[in-house]
Amino acid sequence: MGSRLMKRWIHQPIRDRKRLNARLDAITDLKDSGLHTELSGVLRNVGDMERVLARLALRSARPRDMTRLRSALQQLPEIETLMEETAEPALRQLAATCSPMPDICELLERAVVEAPPVVIRDGGVIAPGYNAELDELRELSEGATRYLEELEARERDRHGIDTLKVGFNQVHGFYIQVSRGQSHLVPPHYVRRQTLKNAERYIIPELKEHEDKVLNSKSNALALEKRLWEELFDLLLPHLEQLQSASLALATLDVYCNLAERAEALNYCRPHLVEQPGVSITAGRHPVVEQVSSEPFIANPTALSPARRMLIITGPNMGGKSTYMRQTALITLLAHIGSYVPAEAATLGPVDRIFTRIGASDDLASGRSTFMVEMTETANILHNATEHSLVLMDEIGRGTSTYDGLSLAWASAEWLADKLKAMTLFATHYFELTELATMMEGLANVHLDAVEHGDDIAFMHAVQEGAASKSYGLAVAGLAGVPKA
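Residues numbered from 1 in each chain as written. Predicted model: local features only at pLDDT ≥ 70, side-chain atom pairs only at ≥ 80, totals over all residues. Heavy atoms only, no water.

Take the pairing of strand β6 (residues 279-284) next. Across four bridges, β6 lies against strand β7 (residues 300-304) in antiparallel orientation. Bridging from a neighbouring strand, Ile281 pairs with Thr302 of β7. Two strands pair when backbone bridges link them, and β6 and strand β9 (residues 345-348) are joined in this way by four bridges, in the antiparallel orientation. What sits directly across from Val279, in β9, is Leu348. (Pairing = 2+ DSSP bridges. Helix = DSSP H or I, 4+ residues; strand = E, 2+ residues; numbered from the N terminus.)

Dropping the structure here:
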């Protein structure tokens, strides 16, 4: 349930600085005290309480769901003990919400056996000692085996038939079996029930009476057990709201512990959320690329402010333009779910939305070409972005003729910088666009470098001020294996 909550947070970032700082305070406290490692171990035993409670609310919970709920509730006292060490308000509130519930826990411990069957249908779910009447009925059906052993020994001695056995099957019920060789010793009050190849089966009134009693007690025990199972729901449902609050608190605690562990293990920093508009990141990294890349990741700074609203990013393909743009957006997103971020330092002003126009893909099923998809996304950005939006524009205008594409890219950049004043990272291969920085205020050129050595090219992946000297498109084509000719 922690991973589901984490997903919800990532899909629904928040702008409320107070709530974000409360989350960050909680993560900082867990990280600095090292409490997250101990808590994670205990939380691992809680299981998916949220899902169990949903089934409980619908009265469709199965016996093993009850044992999962019981094991979750058994962890609460230890969580409470661990949380006593912290004075951080957000964590204290969580600790109060998921405080132990001894009554419910004790009820489940008393009512359900340690390892119940999958379904209630076959019985054997309600624990011994929970209900006296049920114990009595079970004793009757289980005491049956003792009675049968005694009957077998008595009849064998009385009639001197050493092959005599008492048995039971689902079709014929109880019977006394005697081998064919000794059937002449059978007394007259034995009534033949079934003939087998090498044996005869009989019934006597005493055994028939016992059979009725046992079968009745079995079905009565099962009916009573089903009734007690339904009553267990009635006893638990009034506490449903309290249990659901506790499960949300446990999931939240789980997410905090996870984010604290990641912050420590991956060397993330706490972002500062301020009122002044802008994005300032020192030595930012891409959280995914740095994990999967075999090369050491080159960290890069980002500085956007009202006086420097747009960065026009040039440089070779494969140089790292897209990675640089996306890491800025991901750091902004992580900060707005209340997480630490992959950077040495990060200060973020108010951001209302993150807009992206990245990648080339068509939507043929709807009859839209790659260029049409690109233009639709661009139109959405130009209509909806504000001065507090973070906009990523990657290679706009590439699906049409050179001058059409250049005109669109130029006009879009001007509109974003002048009309919308949005914080924009604008990556392009149109070098003509680098002139915009000299013509308009609030624009700056940055580039990612590469070095050619003979036929080889080395990408530096470091962001530097100023425009790139050239595009290296032919060198990259050679790397991809396009024939030199």
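Applying the stated rule across the entire model yields four aromatic pairs. Considering the side-chain rings of Trp229 and Phe233, the 5.5 Å spacing of their centres and the 80° angle between planes classify their relative orientation as edge-to-face. You can see Trp229 and its partner Phe233 sitting in helix α9 (residues 205-236), four residues apart, about one turn around the helix. Assigned by exposure class, Trp229 and Phe233 land together as buried. One cation-aromatic arrangement involves Arg23 over Trp9; the distance from NZ or CZ to the ring centre is 3.7 Å. Between Lys419 and the ring centre of Trp415, over which it is positioned, the NZ or CZ distance is 4.9 Å. (Phe/Tyr/Trp six-rings, centres within 6.5 Å; stacked < 30°, edge-to-face > 60°. Buried < 20%, exposed > 50% of the residue type's maximum accessible area, 1.4 Å probe, protein only. Lys NZ or Arg CZ within 6 Å of the ring centre and 35° of its normal.)

A separate point is helix α1 (residues 2-11). For the α-helix, the turn length of 3.6 residues means that residues three or four positions removed from each other point alike. Listing the buried residues of α1 in full gives Gly2, Leu5, Met6 and Trp9. Projected down its long axis, α1 shows its buried positions confined to an angular sector of 105°, all on one face. More than 90 degrees from the buried face of α1, the exposed residues found are Ser3, Lys7 and His11. On the buried face of α1, the contacting elements are α2 (17-33) and α10 (240-265). (Arc of directions from axis to C-beta. Contact = heavy atoms within 4.5 Å.)

On to the layout of surface pockets. As a volume, the largest pocket reaches approximately 440 Å³. If you list the elements that add at least two residues to the lining of the largest pocket, you get α12 (321-335) and β14 (456-465). If you tally residues by element for the lining of the largest pocket, the top one is α12, at five residues. Looking at side-chain class alone, the lining of the largest pocket contains ten nonpolar, nine polar and four charged residues. (1 Å grid on protein atoms, 1.4 Å probe; cavity = no way out; pocket = protein on both sides within 12 Å on 5 of 7 lines; lining within 4 Å. Points joined across faces, edges and corners; volume = space filled by probe spheres on them. Nonpolar A, V, L, I, M, F, W, Y, C, P; charged D, E, K, R; others polar.)

Counted under the stated rule, the structure contains 30 salt bridges. Of the charged contacts, one joins Glu225 and Arg138 as a salt bridge, the two residues approaching to 3.1 Å between their closest N and O atoms. With Glu225 in helix α9 and Arg138 in helix α8 (residues 132-159), this pair connects stretches of sequence that are 87 residues apart. Using a relative accessible area of 3% as the deciding quantity, one classes Glu225 as buried. Of the charged contacts in the structure, one is a salt bridge between Lys208 and Asp212, with a shortest N-O distance of 3.6 Å. Here Lys208 pairs with Asp212, and both are found in helix α9, just four residues apart, close to one helical turn. Each member of the salt-bridge network shares a partner with another, and the members are Arg4, Asp48, Glu50 and Arg51. (Salt bridge = Lys/Arg side-chain N within 4 Å of Asp/Glu carboxyl O.)

Viewed as axis vectors pointing N to C, helix α7 (residues 102-111) and α9 meet at an angle of 175°, and their least axial separation amounts to 11 Å. Taken together, the axes of α7 and α9 are roughly antiparallel relative to one another. For the pair α7 and α9, contact is made by Ile104, Leu107, Leu108 and Ala111 and by Leu232, Leu235 and Leu236, respectively. (Axes fitted to C-alpha atoms, helices over the stretch in contact; angles between N-to-C directions. Parallel < 35°, antiparallel > 145°, perpendicular 65-115°, else oblique.)

Turning to the environment of Ala95, a few remarks are in order. With respect to the helices and strands, the residue Ala95 is situated in helix α6 (residues 89-97). On the basis of relative accessible area, Ala95 is assigned to the buried category, the value being 8%. Taking the C-alpha atoms as reference points, Ala95 and Met375, separated by 280 residues in sequence, lie 50 Å from one another.

This brings us to the sheet that holds β7. One open sheet accounts for four strands, arranged β5-β9-β6-β7; its pairing is mixed. At either end of the open sheet lies a strand with only one pairing partner, and these are β5 (272-273) and β7.

Another point: a negative patch on the surface. The grouping of Glu38, Glu78, Glu80, Glu84 and Glu85 at the surface amounts to a negative patch. For Glu85, the location among the structural elements is in the loop between α5 (63-83) and α6. (Patch = residues over 30% accessible without salt bridge, like charges linked within 9 Å, V, L, I, M, F, W, Y side chains within 5 Å. Areas by Shrake-Rupley, 256 points an atom, 1.4 Å probe, with all protein chains shown as cover. Lys, Arg positive; Asp, Glu negative; His and termini not counted. Charge placed at Lys NZ, Arg CZ, Asp CG, Glu CD.)

What follows is about the nonpolar core. Among the nonpolar cores identified, the biggest contains 97 residues, and Leu39, Met49, Leu73 and Ile79 are the most heavily contacted of them. The contact partners of Leu39, leaving out residues within four places of it in the chain, are Leu30, Ile79, Leu82, Met83, Leu253 and Cys257. With 23 residues, the next largest nonpolar core counts Met310, Ile312, Leu420 and Leu436 among its residues. (Core = buried A, V, L, I, M, F, W, Y, C linked by side-chain atoms within 4.5 Å.)

Residue Ala283 is not a glycine yet carries a positive backbone phi of 50°. According to the relative accessible area criterion, Ala283 is buried, its value standing at 17%. With a phi close to 70°, Met318 is a non-glycine residue in the positive phi region.

Across the sheet, which stays open at both edges, the six strands sit in the order β10-β11-β12-β8-β13-β14 with mixed pairing between neighbours. Strand pairing shows two members of the sheet lacking a second neighbour, β10 (354-357) and β14, which therefore form its edges. Across the sheet, the mean angle separating the axes of adjacent strands is 15° when strand polarity is ignored. As judged from the four bridges shared by strand β8 (residues 310-314) and strand β12 (residues 423-427), these two strands associate in the parallel manner. Paired with Leu311 across the bridge in β12 is Leu425. Contacts from helix α14 (residues 402-420) reach β8, β11 (390-394), β12 and β13 (443-453), with the element oriented near 165° to β12.

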